[in-house]
Amino acid sequence: QVQVAESGGGLVQAGASLRLSCAASGRALSRSAMAWFRQAPGKEREVVAAINWSGAATYYADSVQGRFTISRDNAKNTVYLQMNSLKPEDTAVYYCAVDEFTNGLSTSAALYDYWGQGTQVTVSS
């Protein structure tokens, strides 16, 4: 069984930065796609960024392109989301997900096998 745990959320002002971390344990996931999703109140869960197994390929939602950076450290089974120039519309619960059986990019939530509990990010104006 794989456990996924996010950390690094918080309350910040618009324009600030946060770095989210996601640690996966229980199995080596160096060949698995990973991603960050978010869900704001009253909205559907959406993909924010995704990364392939090696880190060589990444995907970003249009709304975060140029502001967020996803990266991973396979030796630590960890993926990161560096969030810069945060906006109030970035406020959401951010979830980390692991697609154990895909080593490419996965952007569909339905393909992900393991999810963390989420970490709240609140951006005030």
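Our subject in this report is the structure included herewith. As the structure is a prediction and not an experimental result, all values here were calculated from the model.

So, unusual backbone geometry
So, point 1. Phi angles above zero are rare outside glycine, and N77 is one such case at about 55°.
So, point 2. In this fold, N77 is placed in the loop between strand 7 (68–73) and strand 8 (78–83).
So, point 3. Owing to a relative accessible area of 13%, N77 belongs among the buried residues under this scheme.

Details of the state of the cysteines
So, point 1. If you walk through the whole model with that rule in mind, you get one disulfide.
So, point 2. Disulfide partner of C22: C96, at an S-S distance of 2.0 Å. Around the S-S axis, the bridge from C22 to C96 shows a dihedral of about -75° and counts as left-handed. With C22 in strand 3 (residues 18–25) and C96 in strand 9 (residues 92–99), this pair connects stretches of sequence that are 74 residues apart. By the burial criterion, C22 is buried, and C96 matches it.

Focus: the environment of S71
So, point 1. With respect to the helices and strands, the residue S71 is situated in strand 7.
So, point 2. The class for S71 is partly exposed, based on a relative accessible area of 30%.
So, point 3. Considering only alpha carbons, one finds S71 and S54, 17 residues apart in sequence, at a separation of 9.6 Å.
So, point 4. Sequence-distant contacts of S71, defined by excluding residues within four places in its chain, comprise I51, T78, V79 and Y80.

Parameters at a glance
- Residues numbered from 1 in each chain as written.
- Predicted model: local features only at pLDDT ≥ 70, side-chain atom pairs only at ≥ 80, totals over all residues.
- Heavy atoms only, no water.
- Helix = DSSP H or I, 4+ residues; strand = E, 2+ residues; numbered from the N terminus.
- Buried < 20%, exposed > 50% of the residue type's maximum accessible area, 1.4 Å probe, protein only.
- Disulfide = S-S within 2.5 Å.
- Contact = heavy atoms within 4.5 Å.

In short, the description is geometric, and any link to function would need to be established separately.
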